[in-house]
Amino acid sequence: MPMLVRPPKRKLHEVEPLDDGPRKYSSDVVTSTAVHLSSRSPSRRSSEHREASGDSRPSSRRELPSNRGSPVLFEHGHLQTPRTFSRKASIVLIGIRGTGKSSLAVILAATSGRRLIDADRYFQQIVGCSRAVFRKENDGSVYRQQEARVFESMLADNQEGCVIACGAGSMESNGQRLLREFAQTHPVIHIIRDPESIQSYLKAWDTEKVRHFLELSGPIYRGCSNLEFFNLSEARSDGLGDDSDNSSPTHRIEPRSHTPIPFLTLKRVQRDFLRFIAFITGDIAELNSQHASFPLSLLPVESRMYTSAVSVPFSRLCEKGMDIEQLEFTADAFELAIDVTDPSGQPSLSSSLADSISQVVAVIRRNIIVPLIYHVESYTTPKGSLSPSQVPVRCTDETYLNLVRHGLRLSTGFLTVDLTRDDNTISQIISASGRTRIIGHFEAFRPLPGGWDGDEYMKVYERARSLGCDIVRLCQPAEIPEDNLAVQRFRHRIQSLPTAGLSLIAYNTGPLGRMSRCFNPILSPVTHPSLVTELPTHLRSWITAREAQKALYSSFALDPMQFFVFGANTTYSMSPAMHNTAFKICGLPHNYSIHQSPTLRGLNDLVENQYFGGSSVSLPYKTECIPLLHSMSTHARAIGAINTLIPIRNLEDLDDTRLQESSIFLQKSRAGPIKGLHGDNTDWIGICNCIRRGLSPANAVRSSSAGLVIGSGGMARAAIYSMIHLGVQNIFIYNRTFTNAERLAHHYNRQDLHSKEARGSGRPTVRIIASLSDPWPAGFKQPTIVVSGIPAHSIGGEPAPNFHMPTQWLESPTGGVVVDLAYKPLNTPLMKQTRALSYRGWVALDGLDVLPEQGFAQFELFTGRRAPRRVMRSIVLQEYKDDEGNNDHQAIQDRLQQMDGQPS
Ligand SMILES: O=C1C[C@@](O)(C(=O)O)C[C@@H](O)[C@@H]1O
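Residues numbered from 1 in each chain as written. Predicted model: local features only at pLDDT ≥ 70, side-chain atom pairs only at ≥ 80, totals over all residues. Heavy atoms only, no water.

Draft legend 1. Representation of the overall build of the chain within the structure. The secondary structure content of the chain amounts to 33 helices and 27 strands. With 904 residues in all, the chain has 60% of them scored as buried. Within the chain, residue pairs in contact and separated by at least 24 positions form 79% of the contacts whose partners lie at least 6 positions apart. Working note: accessible area of the chain is about 35,200 Å², and carbon and sulfur atoms make up 53% of it. (Helix = DSSP H or I, 4+ residues; strand = E, 2+ residues; numbered from the N terminus. Buried < 20%, exposed > 50% of the residue type's maximum accessible area, 1.4 Å probe, protein only. Contact = heavy atoms within 4.5 Å. Areas by Shrake-Rupley, 256 points an atom, 1.4 Å probe, with all protein chains shown as cover.)

Draft legend 2. Structural view of the site of the ligand. Surrounding the ligand, one finds Val-565, Ser-573, Ser-575, Ser-616, Val-617, Ser-618, Lys-622, Asn-643, Asp-683, Met-715, Gln-854 and Gln-858. The side chain of Ser-573 places a nitrogen or oxygen atom 2.7 Å from an oxygen atom of the ligand. At 2.9 Å, a side-chain N or O of Asn-643 approaches an oxygen atom of the ligand. A total of 320 Å² of accessible area belongs to the ligand in isolation, and the protein chains cover 89% of it. Elements with a contribution of two residues or more to the shell around the ligand: β18 (612-617) and α31 (847-863). Considering only residue class, the shell around the ligand consists of 3 nonpolar, 7 polar and 2 charged. Domain assignment of the residues forming the shell around the ligand places at least three in each of domain 3 (562-680) and domain 4 (684-898). (Near = heavy atom within 4 Å. Polar contact = N/O pair within 3.5 Å; in protein donor to acceptor, adjacent residues only side chain to side chain. Nonpolar A, V, L, I, M, F, W, Y, C, P; charged D, E, K, R; others polar. Domains from an automatic or database assignment.)

Draft legend 3. Seen up close, the confidence of the model for the chain. In the predicted model, the chain carries a mean pLDDT of 82, and the fraction of residues at 70 or more is 80%. Every residue in residues 1-76 scores below 50 in pLDDT, and together they form 142 contacts with partners more than four places removed in sequence or on other chains. Counting interchain partners and residues more than four positions distant, the pLDDT-below-50 stretch residues 236-260 has 78 contacts. Scoring the predicted complex yields pTM 0.84 and, for the interface, ipTM 0.99. (pLDDT = per-residue confidence, 0-100.)

Draft legend 4. Looking closely at the sheet that holds strand β1 (residues 91-94). Read from one edge of the open sheet, 5 strands run β2-β3-β1-β4-β5, paired in parallel fashion. Two strands close off the open sheet at either side, each with one partner strand: β2 (115-118) and β5 (227-230). In this sheet, adjacent strand axes meet at a mean angle of 25° when their direction is disregarded. Where β1 meets strand β3 (residues 162-166), 4 bridges bridge the pair, whose relative direction is parallel. If you follow Ile-94 over to β3, its bridge partner there is Cys-166. In the packing of helix α15 (residues 397-410) onto the sheet, contacts are made with β4 (188-192) and β5, and the angle to β5 comes to roughly 70°. (Pairing = 2+ DSSP bridges. Axes fitted to C-alpha atoms, helices over the stretch in contact; angles between N-to-C directions.)

Draft legend 5. Structural context of the packing of helix α17 (residues 456-467) against helix α18 (residues 483-495). Taken N-terminus to C-terminus, the directions of α17 and α18 make an angle of 45°; their axes are 11 Å apart at the nearest point. If you check the angle between α17 and α18, you find them oblique. Like other packed secondary-structure pairs, α17 and α18 cross with a definite hand, here right-handed. Here Tyr-457, Met-458 and Tyr-461 of α17 come into contact with α18, specifically with Phe-490, Arg-493 and Ile-494. Looking at side-chain class alone, the contact of α17 with α18 contains 5 nonpolar, no polar and 1 charged residues. (Parallel < 35°, antiparallel > 145°, perpendicular 65-115°, else oblique. Left-handed = near helix turned anticlockwise from the far one by under 90°.)

Draft legend 6. How the structure looks around the pattern of salt bridges. Within the structure shown, the criterion is met by 30 salt bridges. A salt bridge links Arg-409 to Glu-228; the nearest nitrogen and oxygen atoms lie 3.0 Å apart. Here Arg-409 is found in helix α15, whereas its partner Glu-228 is found in strand β5, with 181 residues between them in sequence. On the basis of relative accessibility, which here comes to 0%, the residue Arg-409 falls in the buried class. (Salt bridge = Lys/Arg side-chain N within 4 Å of Asp/Glu carboxyl O.)

Draft legend 7. Spotlight on helix α30 (residues 829-836). Among the residues of α30, Leu-830, Met-831, Gln-833 and Thr-834 are the ones counted as buried. The arc that holds the buried residues of α30, viewed along the axis, is 160°, so those residues lie on one side. Turned more than 90 degrees off the buried face of α30, the exposed positions are Lys-832 and Ala-836. (Arc of directions from axis to C-beta.)

Draft legend 8. Quick look at the packing of aromatic side chains. Evaluation of the coordinates by the stated rule reveals 23 aromatic pairs. Ring geometry for Phe-442 against Tyr-457: centres 6.3 Å apart, planes inclined by 80°, an arrangement best described as edge-to-face. Here the residue Phe-442 occupies a position in strand β12 (residues 437-443), and Tyr-457 occupies one in helix α17, the gap between them amounting to 15 residues. Among the residues examined, Phe-442 registers a relative accessible area of 12% and is labelled buried. Note on Tyr-457: relative accessible area 0%, which makes it buried. Connected via pairs of aromatic rings, a cluster forms that spans Phe-732, Tyr-734, Trp-776, Phe-780, Phe-803 and Trp-809. The aromatic ring of Trp-542 is capped on one face by Arg-517, whose charged end is 4.8 Å from the ring centroid. (Phe/Tyr/Trp six-rings, centres within 6.5 Å; stacked < 30°, edge-to-face > 60°. Lys NZ or Arg CZ within 6 Å of the ring centre and 35° of its normal.)

Draft legend 9. Structural detail: the UniProt feature "domain: Shikimate dehydrogenase substrate binding N-terminal" (unreviewed entry) in the chain. The feature "domain: Shikimate dehydrogenase substrate binding N-terminal" (unreviewed entry), as given by UniProt, occupies residues 565-645 in the numbering adopted here. Split by type, residues 565-645 is 33% helix and 23% strand. Its first and last C-alpha atoms lie 10 Å apart. (UniProt positions renumbered as here; feature names shortened; annotations may be inferred.)

Draft legend 10. Here's a closer look at the domain arrangement of the chain. With domains assigned, the chain is organised as domain 1 (91-234 + 263-268), domain 2 (294-380 + 395-555), domain 3 (562-680) and domain 4 (684-898). In this assembly, 30 residues from domain 3 lie in contact with 30 residues from domain 4. When the area that domain 3 buries against domain 4 is broken down by residue, the three leading residues are Met-574, Met-578 and Ile-639, summing to 28%. Viewed at the interface, domain 4 and domain 3 are joined by 0 salt bridges. (Buried area = accessible area lost by both parts, 1.4 Å probe.)

Next comes the structure, spelled out in structure tokens:
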């Protein structure tokens, strides 16, 4: 672990002493908190803070020095900075003890190549003794001066390439001011966690006391940080729930279920945190890699046609048993609608509400893969979400801003601004939005004069553009059905503007406006059936994503298409069940069937079919059909095999060099003559995602990591490509027939492939291990990633390979992940062997894990829509029958549960 503490370049005596005079901001945790809080005495709060920060000084030392400036409220309790940072900018993590900031810092350092600096250790290294000892031996003011000088030099000398973990000690004295300054140009992330997990870490206090302490310390930490990350414990990651009254000031959130997985405990946290860091630093390569390489995740959601955003009120998410993965499925974005106001009535957001919002955002992020939109309801009823029967109340600018500012700290993909607020308010938000994209939101409760055909909406649109919004969202109630045509006309007027305009979301509200929601092309607001109360259809104003899709087909805007699995022997394929179930659940009238053919000529039937939408390709055609293709994705070309065919209907697309990136997604579900075929490979994506899922944080890929591939067929090719993609540089093949292994190694070694996504990784080399009795090659680390691509059953009278890993190749001290692509039978000798080693950190994944993963990517290529992942996974498990035709129901349930909260 890179536990590196570099001494400052400047000597301490060269550092200017800090001005200890009156401060702009409160200089002490205790004094600043005193303004906000309760009847408790300052000394009590002081002792609580110090207890949590590990300070065991006698109370006489805790007295506040007399020269402190009088307490000053932090401006709105939030620090607003532009939130744009250089890619290399050092990242600071702050938070009370027990929030996990040190673990997060280690994870970030280990995976990003950043140097890790622990502020406490740094102090000790520079000063020669710990803070506690120095404090004991010196006068309070001497300590504070020394602390400030060390802290200042640490920040000044480590502006780039570091992750700096700061404990509570750094929050004293001038530390807050220095952090605020640093946050103007660097990410300073406040790490928080649920009180139960903090309590179990501290093993002191009870949960209520921790909760109270969080309430006290929140404003201080928020006052000197510009970002916030809620470190979600495994126990509370699967969903949300609350048995308390929603109107209570504390929106407590309880877990839906608890399924910790040994060795992978920090896995989800790692993924969430690295995604967050990649987003705030704008590390696109890391983001793409974190987004699991699904084709659609690489396209901005607003560039695709007929997308929807499922809108979920915050108050509903606090209800017991909310299943977020379920809410997201079939939608292209997830909108969190903040429908509560802060009941504390304070000028700043109460800590508990801020914590709850952060927690909800963390749980959503853990369970979804689509972009998250943070939307503060400007108009609410006093009791919560907007109800048609009550007159909506517009919240004050201050209340609105507090909630929005908090959202900016969470750095969601999108955030809405209410266009009815004044220019100054909106500009403030936009200037602090960093990489979050801004949707200017304008909701008219009565149509504006002239409706969609008048000039008023055009003015709102132009204003949003001039203020710097990225997208504009306009809506008004439909009074007559004709309003739905008017909104289309408005869209055309926008499209015909001479200057390139902002993306537009425009629709009508109310029961009569539902039609316009179906035809609004981007991010149409939809709901999930579980969120709506049963109303007669004519009274409902919401539509579901499924209803929106169905409307597009029943109105002939889109055509039902036909999909296939094409191969020599595909009768046992589970792909038809998987894709047909997914089509149905998404409201798509497509059909997927088997197309078996003894020769490649069978492909003609597909290309002559005007309704052909795409095909999975099975053995032996994964390589054979390559000469018939008009284009191939870069991945498929590098692998030298395909498993997905997409028809090309537009001749211009054949010349489009960016074909794979965009245009094939844009004209889906339109029948017509086929002019060419595009080939892609999603097997590697399936393997890659399974490796990612099973790889523990301790085995994060480094330049010294090694991978082993068993076999040399099509799947072995895809497996090697997955490893290269993940940044593995030392790849070994073992295959029974040496010459085939040689050919495969040559296929990759002659290409100049390296992981674009794994930062700083060198050129990978594929080497061969000739015999199972060979020792693991000298000079290389033991493998931590193993993929077997050999069949486990007997073929053509040959006995089943019955492959066992030599034990001398399984000596990785941190274990690793083994992916066996076989699923007939499921319990291959290799899987049994791996599971038997689970106590040493080995994780086993099999063919039933990989099949849906490659299918998700295929579904996206076929339909241009995100796949309903959970549904596809479960149907594969439910449909699976072993060689005797049996299906182990309990095993399936266990596997399904483990899947929860693990979006690829
Ligand atoms: O190898 C396979 C299996 C498969 O061919 C099937 O039969 O379901 C589907 C393909 O997409 C995948 O690459």
